[in-house]
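Chain residues, written in single-letter form:
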Amino acid sequence: MRDPPVPTSLQATKINHIERREPKDFLMIEDLELTYVEAPPTAEKYNYLRQTIGWGGYADLADVARGLQATLFCVSVYQAGEIVAMGRVVGDGVLVFYIQDVIVLPEYQKRGIGTQIMNRIMAYIDAHAVHNTYVGLMSAIGKEAFYDKFGFTRRPTDNLGCGMTLVVGCLRRV
Ligand SMILES: CC(C)(COP(=O)(O)OP(=O)(O)OC[C@H]1O[C@@H](n2cnc3c(N)ncnc32)[C@H](O)[C@@H]1OP(=O)(O)O)[C@@H](O)C(=O)NCCC(=O)NCCS
């Protein structure tokens, strides 16, 4: 299993800056006859998406199902019953949200699907956030521009440190 790409962090400091792009900016995605479902995919489909883009799946499907069940909000995109994309939100549902697993299969990329997923995610967060709610995500390398337009700040800045992550299996106590 390959390790996920090393992320750079992008975090929106204020919920008030949510920006959306109009799907009409993009070419004819309706030609694909996509179905957007606001629910997580099955554990198998989730693993399939992650494996296809090189992040690797998880060994135990029951673990995956438990994790997906705890998702706050998820958009899954299907074509003819087959999963082609997803994105989800985890967090406490009020004060802190993290955007996770935004994935579009390579052959479906650059058609506006990722933007549609993010628009739905940002609408969900907008509807549940309070003043100063914190929204975070870890961008894959080279995907920062995709998130810039939704109002996220690239870290580090003069005032904010870099994002940090840890994959369990590498846990250390000092
Ligand atoms: C990042 C990712 C989710 C974006 O999904 P996507 O469906 O390609 O996103 P969109 O099509 O909405 O936008 C991607 C780009 O294509 C452009 N685009 C959209 N429709 C287009 C079209 N019809 N013709 C040409 N370009 C188009 C957009 O302007 C956008 O450019 P930008 O990123 O410079 O702003 C996708 O690349 C992906 O799954 N990558 C692998 C996993 C990953 O890295 N996920 C992010 C982890 S944080």
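Residues numbered from 1 in each chain as written. Predicted model: local features only at pLDDT ≥ 70, side-chain atom pairs only at ≥ 80, totals over all residues.

Observations regarding the environment of L137
Now for step 1: Topologically, L137 is positioned in strand β6 (residues 134–139).
Now for step 2: L137 sits in the buried class, given 24 other C-beta atoms within 10 Å.
Now for step 3: For the pair L137 and Y147, spaced 10 residues apart in the sequence, the C-alpha separation amounts to 9.1 Å. (Helix = DSSP H or I, 4+ residues; strand = E, 2+ residues; numbered from the N terminus. Buried ≥ 20, exposed ≤ 12 C-beta atoms within 10 Å, placed from the backbone.)

Observations concerning the environment of V89
Now for step 1: Its location among the elements puts V89 in strand β4 (residues 82–91).
Now for step 2: V89 sits in the buried class, given 23 other C-beta atoms within 10 Å.
Now for step 3: Beyond its immediate stretch of four places on either side in the chain, V89 contacts T71, L72, F73, F97, Y98, I99, I121, Y124 and I125. (Contact = placed C-beta atoms within 7 Å.)

Some thoughts on the confidence of the model for the chain
Now for step 1: Of the residues in the chain, 79% reach a pLDDT of 70 or more, and the chain-wide mean stands at 87.
Now for step 2: Per-residue pLDDT stays below 50 along residues 1–7; that stretch engages in 12 contacts with residues further than four places along the chain or on separate chains.
Now for step 3: The low-confidence segment residues 12–28, where pLDDT is below 50, has 30 contacts with residues more than four positions distant or belonging to other chains. (pLDDT = per-residue confidence, 0-100.)

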